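Coordinates in review
Below, each chain spelled out in residue letters.
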Amino acid sequence: MTIEIQYVRMLSSESLSNRVTEKLMKLSKKYPWIIRTQVFFKLENDPADLGKICEMELSVPGPRIFARSKENNFEKASAETLKDLERQLRKRKEVFKGY
């Protein structure tokens, strides 16, 4: 699996990249048919202090899987996004079992 991490309107963070890469590698061991993952960390001005956004898009057989979370820090946003992706991957795996 190929992992691409991009930081939009902010400085890159080595620790955040390593943490997300580690979590995605665990996910790829569980779902070996993941081809590629694109991760975007974005910083927006938000009056509710929820301007830290994490978006992830997985290239898998069939339609791509996408998840997005908006939280008050990037660790929470990435954790929430990963939960959403895993939920979608479980559903996709059930569809594969039907064939």
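A brief look at the structure comes next. (Residues numbered from 1 in each chain as written. Predicted model: local features only at pLDDT ≥ 70, side-chain atom pairs only at ≥ 80, totals over all residues. Heavy atoms only, no water.)

1. Focus on the overall build of the protein chain
In terms of helices and strands, the protein chain carries two helices and four strands. Beginning at the N terminus, the succession of helices and strands in the protein chain can be written as β-α-β-β-β-α. Taking 13 Å as the expected radius of gyration for a compact globule of 99 residues, we find that the protein chain reaches 14 Å, a close match to that expectation. If you line up the protein chain on its principal axes, its C-alpha atoms span 45 × 25 × 20 Å. Pairs at least 24 apart in sequence give 49% of the contacts found in the protein chain among residues at least 6 apart. (Helix = DSSP H or I, 4+ residues; strand = E, 2+ residues; numbered from the N terminus. Rg over C-alpha atoms; globule rule 2.2 N^0.38 Å. Contact = heavy atoms within 4.5 Å.)

2. Describing a positive patch on the surface
Together, Arg-19, Lys-23, Lys-26 and Lys-29 make up a region of like positive charge exposed at the surface. Of note, Lys-23 is situated in helix H1 (residues 14-30). We classify Lys-23 as partly exposed; its relative accessible area is 40%. (Patch = residues over 30% accessible without salt bridge, like charges linked within 9 Å, V, L, I, M, F, W, Y side chains within 5 Å. Areas by Shrake-Rupley, 256 points an atom, 1.4 Å probe, with all protein chains shown as cover. Salt bridge = Lys/Arg side-chain N within 4 Å of Asp/Glu carboxyl O. Lys, Arg positive; Asp, Glu negative; His and termini not counted. Charge placed at Lys NZ, Arg CZ, Asp CG, Glu CD. Buried < 20%, exposed > 50% of the residue type's maximum accessible area, 1.4 Å probe, protein only.)

3. A word on the pattern of salt bridges
Throughout the structure, instances matching the rule amount to nine salt bridges. Among the salt bridges present, the one from Lys-30 reaches Glu-86, with a minimum N-O distance of 2.7 Å. Within this pair, whereas Lys-30 is found in helix H1, its partner Glu-86 is found in helix H2 (residues 74-97), the two being separated by 56 residues in sequence. Classification of Lys-30 by relative accessible area gives partly exposed; the value is 46%. Judged by relative accessible area, Glu-86 falls into the partly exposed class, the value being 21%.

4. Description of the sheet that holds strand E4 (residues 65-71)
Read from one edge of the open sheet, four strands run E1-E2-E3-E4, paired in mixed fashion. The open sheet has two edge strands with one neighbour each: strand E1 (2-8) and E4. On average, adjacent strands in this sheet sit at an angle of 10° to one another, irrespective of strand direction. In the sheet, strand E2 (residues 36-43) pairs with strand E3 (residues 52-59) via eight bridges, with the strands oriented antiparallel. Counterpart to Gln-38 in the pairing with E3 is Glu-57. Contacting E1, E2 and E3, H1 crosses the sheet at an angle of about 145° to E1. (Pairing = 2+ DSSP bridges. Axes fitted to C-alpha atoms, helices over the stretch in contact; angles between N-to-C directions.)

5. Here we look at the pairing of E1
Relative to E2, E1 runs parallel, the two being bridged by seven bridges. Counterpart to Tyr-7 in the pairing with E2 is Phe-41. With H1 bridging E1 and its parallel neighbour E2, the resulting β-α-β unit is left-handed. (Right-handed = clockwise from strand over helix to strand, strands pointing away.)

6. Some remarks on the nonpolar core
Counting 20 residues, the largest nonpolar core has Phe-41, Met-56 and Leu-89 as its most contacted members. Looking at this core, the elements with two or more residues in it are H1, E2, E3, E4 and H2. It is H2 that provides the largest number of residues to this core, a total of five residues. If sequence neighbours within four positions are ignored, Leu-89 has contacts with Leu-27, Tyr-31, Trp-33, Ile-34, Leu-58, Val-60 and Ile-65. (Core = buried A, V, L, I, M, F, W, Y, C linked by side-chain atoms within 4.5 Å.)

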